[in-house]
Amino acid sequence: MRIAVVADHNALPMKAQLGAWLTARGHEVNDRGVHAEEVVDYPLLCEDVCAQVLSGSAEFAIVLGGSGSGEQIACNKIRGIRAALCHDTFVAEVARGNNDANVLVMGAKVIAADAAERILDVWLATRFRGGRHADRVAMIMALDRGESLRQPVEEG
């Protein structure tokens, strides 16, 4: 599997660890940065790594930050991206299985390195369930396109 990975200055050690973990399991890792501990603006990183997913250059992206909160918000501003902030395996399984999330976001200041590996393992092993969940993802994508889900009210 082709996976694009990016981290801000808060998550460099976790990026290195997860990159090695992925490579050891036969995945192709596209390390999109950063490579130094100087402070960076994560929205730029989010835009870059999400573009990899949208272009098909990567099947998934992993975004690592301090908390992951801002990164998730930034990623989800990009049309076509469904980024999930996962601090445990349950959320990772639901994000992939029910929401067909295509970007995994984790906070290096929130979860331990071994937990990040378990979360990533569940993320990669979980397939989208489809069915009623496909209908919901279609609604999410309609919202992403700026469409309303509200039913018109009949006046009379």
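See the structure shown above.
Just so we're clear, the structure is a prediction, and the values are computed from it rather than from any experiment.

Section: the packing of aromatic side chains
Point 1. This structure, assessed with the given rule, holds one aromatic pair.
Point 2. Geometrically, the ring pair formed by F60 and W123 is edge-to-face, given 5.8 Å between the ring centres and 70° between the ring planes. Here W123 lies in helix α5 (residues 113–125) and F60 lies in strand β3 (residues 60–65), a separation of 63 residues in the sequence.
Point 3. Classification of F60 as buried rests on a relative accessible area of 9%.
Point 4. According to the relative accessible area criterion, W123 is buried, its value standing at 1%.
Point 5. Just above the ring of W123 sits the side chain of R96; from NZ or CZ to the centre is 5.8 Å.

Examining unusual backbone geometry
Point 1. The peptide bond linking G33 to V34 adopts the cis configuration, its omega dihedral lying at -15°.
Point 2. When you line up the elements, V34 lands in the loop between β2 (28–31) and α2 (42–55).
Point 3. Even without glycine at this site, D100 takes up a positive phi of about 50°.
Point 4. Tracing the chain through its elements places D100 in the loop between α4 (89–97) and β5 (103–107).

Quick look at the sheet that holds strand β1 (residues 2–7)
Point 1. Spatial ordering of the open sheet is given by β2-β1-β3-β5-β4, a layout of five strands whose pairing is parallel. The open sheet has two free edges, formed respectively by β2 and β4 (83–85), since each of these has just one partner strand. The sheet shows a mean angle of 20° between the axes of neighbouring strands, taken without regard to direction.
Point 2. Looking at chain direction, β1 and β3 are connected through five bridges and run parallel. Looking at the pairing, V6 lines up with V63 of β3.
Point 3. Contacts from helix α1 (residues 12–24) reach β1, β2, β3 and β5 within the one sheet, and its direction differs from that of β1 by about 165°.

Looking at the nonpolar core
Point 1. Counting 25 residues, the largest nonpolar core has I62, M106, L120 and W123 as its most contacted members.
Point 2. Elements with a contribution of two residues or more to this core: β1, α1, β3, α4, β5 and α5.

Details of the environment of S55
Point 1. With respect to the helices, strands and loops of the structure, S55 is situated in helix α2.
Point 2. Taking the relative accessible area as the measure of exposure, S55 reaches 52% and is therefore exposed.
Point 3. Side-chain polar atoms of S55 contact the backbone oxygen of Q52, separated by 3.2 Å.

Concerning the packing of α1 against α5
Point 1. Where α1 contacts α5, the axes come no closer than 10 Å and their chain directions differ by 45°. Classed by the angle they form, the pair α1 and α5 counts as oblique. Both α1 and α5 take part in a crossing whose hand is right-handed. Contacts between α1 and α5 involve M14, Q17, L18, W21 and L22 from the first element and A113, D114, A116, E117, L120, D121 and L124 from the second.

Structural notes on the packing of α4 against α5
Point 1. In the contact formed by α4 and α5, the axes pass within 8 Å of each other and the chain directions differ by 25°. Judged by the inter-axis angle, α4 sits roughly parallel to α5. Note on packing geometry: the crossing formed by α4 with α5 is right-handed. Taking contact as the criterion, the partners of T89, A92, E93, A95 and R96 in α4 are, on α5, R118, I119, V122 and W123.

The rules behind each value
Residues numbered from 1 in each chain as written. Predicted model: local features only at pLDDT ≥ 70, side-chain atom pairs only at ≥ 80, totals over all residues. Heavy atoms only, no water. Phe/Tyr/Trp six-rings, centres within 6.5 Å; stacked < 30°, edge-to-face > 60°. Helix = DSSP H or I, 4+ residues; strand = E, 2+ residues; numbered from the N terminus. Buried < 20%, exposed > 50% of the residue type's maximum accessible area, 1.4 Å probe, protein only. Lys NZ or Arg CZ within 6 Å of the ring centre and 35° of its normal. Pairing = 2+ DSSP bridges. Axes fitted to C-alpha atoms, helices over the stretch in contact; angles between N-to-C directions. Contact = heavy atoms within 4.5 Å. Core = buried A, V, L, I, M, F, W, Y, C linked by side-chain atoms within 4.5 Å. Polar contact = N/O pair within 3.5 Å; in protein donor to acceptor, adjacent residues only side chain to side chain. Parallel < 35°, antiparallel > 145°, perpendicular 65-115°, else oblique. Left-handed = near helix turned anticlockwise from the far one by under 90°.

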